[in-house]
Amino acid sequence: MYELHPVQRRCRQFVETMSRATLDLWVGIFVTIGIAAILFLALKVGNLASVGSTPGYHLQAAFDNIGGLKLRAPVKAAGVVVGRVEQIRLDPQTYQAVVSMKIDRGFQFTKDTIASILTSGLLGEVYIGLDSGGDTKMLADGDRIAKTQSAIVLEKLIGQFMFDKAATGTAPTTGSPASEPGAGTAAAGAAK
């Protein structure tokens, strides 16, 4: 068998070592990019990417029920994100949830703005919607939004519907002839 010259052997070892080092370098680069992408996505999902990044002013609003509203939930006006929820606490005197929001400086709202807790779709995210009024005075840092609309809780609506039907003694009708009074006996007599 043909044997390599010592210089050729050293060259081959150098090339193998060099390609191994290059491979290790590329693997390291791809792992670093992968970790950076996962970190970026985690910050985006957790709404942490915008925390403290933009200057803004603080507003407060009191709600009877906040539903599933969470910290860092978006605050939207006409579908545009204008801020984030910073704090949620329970007022011990009124037993209302007081929500503190940070609004970006580029957006100003009137004193008669209405704050509503809304949901994107049936199972979507819960957010605060701001509807500006016609007042000429603007809300300032630390102001409280006077007009609010609490979250609509589906379980309460179903419960009210059920208890209302039970209290009146009526059952929901389907509109078919069999659901009318006496229709069942007439249909039974006609079948004989």
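Residues numbered from 1 in each chain as written. Predicted model: local features only at pLDDT ≥ 70, side-chain atom pairs only at ≥ 80, totals over all residues. Heavy atoms only, no water.

1. Details of the confidence of the model for the protein chain
Line of reasoning, step 1. Looking at the protein chain, the pLDDT average stands at 79 and 80% of residues meet or exceed 70.
Line of reasoning, step 2. Strand 4 (residues 97-104) holds the highest mean pLDDT among the elements of the protein chain, 92, whereas helix 3 (residues 183-191) holds the lowest, 46.
Line of reasoning, step 3. Across residues 178-192, confidence stays below pLDDT 50; counting only partners more than four residues off in sequence or on other chains, it has three contacts. (pLDDT = per-residue confidence, 0-100. Helix = DSSP H or I, 4+ residues; strand = E, 2+ residues; numbered from the N terminus. Contact = heavy atoms within 4.5 Å.)

2. Section: the environment of L130
Line of reasoning, step 1. Its place among the elements puts L130 in strand 6 (residues 126-131).
Line of reasoning, step 2. Each C-alpha atom, one on L130 and one on K76, is 6.1 Å from the other, the two residues being 54 residues apart in sequence.
Line of reasoning, step 3. Apart from the residues lying within four places of it in its own chain, the contact partners of L130 are V75, K76, A77, V82, I103, F109, T113, I114, A115 and I145.

3. Looking at the pattern of salt bridges
Line of reasoning, step 1. Per the stated rule, a full pass over the model turns up two salt bridges.
Line of reasoning, step 2. E125 is the salt-bridge partner of K76, the closest N and O atoms lying 3.5 Å from each other. Of the two residues, K76 sits in strand 2 (residues 74-77) while E125 sits in the loop between strand 5 (114-119) and strand 6, which places them 49 residues apart along the sequence.
Line of reasoning, step 3. Measuring nitrogen to oxygen at the nearest pair gives 3.1 Å for the salt bridge that ties D143 to K111. Placement of the pair is D143 in the loop between strand 6 and strand 7 (144-145) and K111 in the loop between strand 4 and strand 5, with a sequence separation of 32 residues.
Line of reasoning, step 4. K111 gets classed as partly exposed once you look at its relative accessible area, which sits at 37%. (Salt bridge = Lys/Arg side-chain N within 4 Å of Asp/Glu carboxyl O. Buried < 20%, exposed > 50% of the residue type's maximum accessible area, 1.4 Å probe, protein only.)

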